[in-house]
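Spelled out, the chains give:
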Amino acid sequence: MQISVFGLGYVGCVSAACLASRGHQVVGVDVNPIKIDLVTRGKAPVVEERIGELTEEVVASGALRATTDVAEAVAGSEISLVCVGTPSAPNGSLSTAFLERVAEEIGGALSAKDTRHTVVFRSTMLPGTCLDLLVPILEKASGGTAGVDFGVAVNPEFLREGSSVRDFFDPPKTVIGEFDTQSGDAVAKLYEGLPGDVFRVPIPVAEMTKYADNAFHGLKIGFANELGAVCRALGLDSHQVVDVFLADRKLNISPAYLRPGFAFGGSCLPKDLRGLVYAAHRADVSVPILAHVLPSNDEHLQRAYELVARTGKRKIGLFGLSFKPGTDDLRESPLVELAERLLGKGYDLKIYDANVSLSRLMGANREYIESRLPHLGQLLAGSIGEVLAHADVCLVGCTDAAVSAALPRGGDQVLIDLVRLPDAATRRNEKGYVGLAW
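The following paragraphs examine the structure supplied in this document. Computed from a predicted model, the values in this text were never measured in an experiment.

## Some words on the overall build of the chain
Part 1 of the reasoning: When you go through the chain residue by residue, the secondary structure sums to 19 helices and 13 strands.
Part 2 of the reasoning: Projected onto the principal axes, the alpha-carbon positions of the chain cover approximately 80 × 60 × 40 Å.
Part 3 of the reasoning: Across the 438 residues that make up the chain, the buried fraction comes to 45%.
Part 4 of the reasoning: A sequence separation of at least 24 residues applies to 68% of the contacts in the chain between residues at least 6 apart.
Part 5 of the reasoning: Summed over all atoms, the accessible surface of the chain reaches about 21,600 Å², with 54% contributed by carbon and sulfur.
Part 6 of the reasoning: On the chain, the mean spot of the 43 positive side-chain charges and the mean spot of the 53 negative ones are 4 Å from each other.

## Here we look at the packing of aromatic side chains
Part 1 of the reasoning: Under the definition given, this model contains four aromatic pairs.
Part 2 of the reasoning: Pairing Phe-223 with Phe-245 gives two aromatic rings, centres 5.8 Å apart and planes at 45°, and the pair type is tilted. Of the two residues, Phe-223 sits in helix H9 (residues 203-233) while Phe-245 sits in helix H10 (residues 238-247), which places them 22 residues apart along the sequence.
Part 3 of the reasoning: Chaining the aromatic ring pairs together yields one cluster made of Phe-168, Phe-169 and Tyr-191.
Part 4 of the reasoning: Sitting above the plane of the Phe-158 ring, Lys-173 keeps its charged end 4.6 Å from the centroid.
Part 5 of the reasoning: The positively charged end of Arg-314 is found above the aromatic ring belonging to Tyr-347, 3.9 Å away from the centroid.

## What about the pattern of salt bridges?
Part 1 of the reasoning: In total, this model carries 24 salt bridges according to the counting rule given.
Part 2 of the reasoning: Its salt-bridge partner being Arg-341, residue Glu-337 comes within 2.9 Å of it at the nearest N-O pair. Of this pair, Glu-337 and Arg-341 both sit in helix H14 (residues 334-344), four residues apart, roughly one helical turn.
Part 3 of the reasoning: Judged by relative accessible area, Arg-341 falls into the buried class, the value being 18%.
Part 4 of the reasoning: In this structure, Glu-340 and Arg-372 form a salt bridge, with 2.7 Å as the shortest nitrogen-oxygen distance. Remark: Arg-372 occurs in helix H15 (residues 363-372) and Glu-340 occurs in helix H14; sequence separation between them is 32 residues.

## Observations concerning H15
Part 1 of the reasoning: Residues of H15 that are buried: Asn-365, Tyr-368 and Ile-369. End-on view of H15: buried residues confined to an arc of 90°, all on one side of the axis. Turned more than 90 degrees away from the buried face of H15, the exposed residues are Glu-367 and Ser-371.

## Some remarks on the sheet that holds strand S6 (residues 151-154)
Part 1 of the reasoning: An order of S3-S2-S1-S4-S5-S6-S7-S8 is seen for the eight strands of this open sheet, with the pairing classed as mixed. What marks the edges here is a single partner per strand, and that holds for strand S3 (64-67) and strand S8 (197-201). Taken over all neighbouring pairs, the strand axes of this sheet differ in orientation by 25° on average, direction set aside.
Part 2 of the reasoning: As paired strands, strand S4 (residues 79-82) and strand S5 (residues 118-121) are joined by four bridges and run parallel to one another. When the sheet's bridge partners are listed, Leu-81 is paired in S5 with Val-120.
Part 3 of the reasoning: Those strands touched by helix H2 (residues 33-40) are strand S2 (25-29) and S3, and its axis lies near 155° from that of S3.
Part 4 of the reasoning: Those strands touched by helix H8 (residues 181-190) are strand S1 (2-6), S4, S5, S6, strand S7 (173-178) and S8, and its axis lies near 155° from that of S7.

## Topic: a nonpolar patch on the surface
Part 1 of the reasoning: A contiguous nonpolar surface patch, about 260 Å² in accessible area, is contributed by Phe-216, Leu-219 and Leu-258.
Part 2 of the reasoning: As for its position among the elements, Leu-219 is in helix H9.

## What to know about the state of the cysteines
Part 1 of the reasoning: Applying the stated criterion across every chain yields a total of zero disulfides.
Part 2 of the reasoning: Of the cysteine sulfurs around Cys-231, a residue in no disulfide, the closest is that of Cys-268, at 19 Å.

## Let's talk about the pairing of S8
Across a regular strand the side chains alternate sides, sitting on one face of the sheet and then on the other.
Part 1 of the reasoning: Pairing geometry for S7 and S8, over five bridges, is parallel. Residue pairing in the sheet places Gly-177 in a bridge with Val-201 of S8.
Part 2 of the reasoning: Chirality of the crossover, the property in question, places the unit of S7, H8 and S8 among those that are right-handed.

## Section: helix H13 (residues 293-311)
Part 1 of the reasoning: The end-to-end C-alpha distance of H13 is 28 Å, a good match for the 27 Å that 19 residues give at a rise of 1.5 Å each.
Part 2 of the reasoning: For H13, the set of buried residues is Asn-297, His-300, Leu-301, Ala-304, Tyr-305, Leu-307 and Val-308. When H13 is viewed along its axis, its buried side chains cluster within an angular range of 150° and face the same direction.
Part 3 of the reasoning: Residues of H13 that are buried make contact with strand S9 (315-319), H14, strand S11 (393-396), strand S12 (414-417) and strand S13 (433-435).
Part 4 of the reasoning: One or two residues past the end of H13 sits Gly-312, with phi positive at roughly 75°.

## With respect to the pairing of S6
Part 1 of the reasoning: Taking every second residue as pointing to the same face, both faces of S6 are buried, with Gly-151 and Ala-153 on one and Val-152 and Val-154 on the other.
Part 2 of the reasoning: Note on the crossover from S5 through helix H6 (residues 129-142) to S6: the handedness is right-handed.
Part 3 of the reasoning: With two bridges joining them, S6 and S7 adopt antiparallel strand pairing. The partner of Ala-153 across the bridge, within S7, is Glu-178.

How each quantity is defined
Residues numbered from 1 in each chain as written. Predicted model: local features only at pLDDT ≥ 70, side-chain atom pairs only at ≥ 80, totals over all residues. Heavy atoms only, no water. Helix = DSSP H or I, 4+ residues; strand = E, 2+ residues; numbered from the N terminus. Buried < 20%, exposed > 50% of the residue type's maximum accessible area, 1.4 Å probe, protein only. Contact = heavy atoms within 4.5 Å. Areas by Shrake-Rupley, 256 points an atom, 1.4 Å probe, with all protein chains shown as cover. Lys, Arg positive; Asp, Glu negative; His and termini not counted. Charge placed at Lys NZ, Arg CZ, Asp CG, Glu CD. Phe/Tyr/Trp six-rings, centres within 6.5 Å; stacked < 30°, edge-to-face > 60°. Lys NZ or Arg CZ within 6 Å of the ring centre and 35° of its normal. Salt bridge = Lys/Arg side-chain N within 4 Å of Asp/Glu carboxyl O. Arc of directions from axis to C-beta. Pairing = 2+ DSSP bridges. Axes fitted to C-alpha atoms, helices over the stretch in contact; angles between N-to-C directions. Patch = residues over 30% accessible without salt bridge, like charges linked within 9 Å, V, L, I, M, F, W, Y side chains within 5 Å. Disulfide = S-S within 2.5 Å. Right-handed = clockwise from strand over helix to strand, strands pointing away. Expected span 1.5 Å × (residues − 1).

Limitation: the analysis is restricted to geometry and does not speak to function.
Shown next as structure tokens:
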């Protein structure tokens, strides 16, 4: 393919050289004449493992060249990768100035082309930036229509400085946010034969994936460092503790717990988090991440309450009460907490949970519920139908198949989904359906 790469920083320089080494004809574009001169002489503008040798090789073969001429680069290519920077201000706001300038320049060059060209944004940008800001700029400058006269896609990079060449050829995944199928096809051709899963998704989803990755990476590092500080204060070798932690691939290093859902609860997680934070404070160790996990969990529960409050309706049916499906354990169940808040605000509540029967509750479980919902017996319904007949708002906190099958679809009742029901994807556009975090 004939490719133009805009911005010859880390991402652009590596992308250009690696694509050229795969047999594509690549022209790099940058406003900095020093970078253009370096590439022209076969030298990489950045210091990075393997990039120097690779740049020298592809420039010598004629597969990579560089220019400051936008019009010439666009005219001579079929696809443009935009890799310019998106720096942030101290308050976290994103600067899109470079993106806007390049989009306007590429759009102007497109107005002179009579063949389809695909513009691919590889820069990190917040969801909505491409469709709401950059596509209108491209359309205005080119006089054309995205998806008809030219293609648009978002293709976030997952390159680590220091190993970016290796990461390009062995990516963890390839994400293509496509404006239309033809645009996505053009991007997919760039990476044919590379390992890793390929995700072709809506453009805003592609924009968000880079933020999801980096936020989690930062969270992992912060978690490990806070845990290490607590271990040191308690006289433990943190690396021994983490070695044991990392050995668990079923829960710890796995997809477990990483699907948006309802708040956590139960007899272990809240208690142990409180205990660890208490131990850190006693040892005079500040642990802001760990200390804010429970408040974050409470905020998520509050979101569910506010969804109910916004309906303006007072008759509520709650499906599910125990903290984990298939059990009758009510201790620190977030559904019990939610029921308590609703009752405290005067809502008329009916509850159905196939596994919860007041007569069978014993010991600490019974003591807990008697202290939180002393009138549970009056709230529990004997059937799904009884709750449905009562409720103007159905709160779904379980994935019980019988409950899922009986829930209303598209009627006047509001259905607030706390667990992402198995058929949530088909319900999302139906009247009355509200998902907690999807």
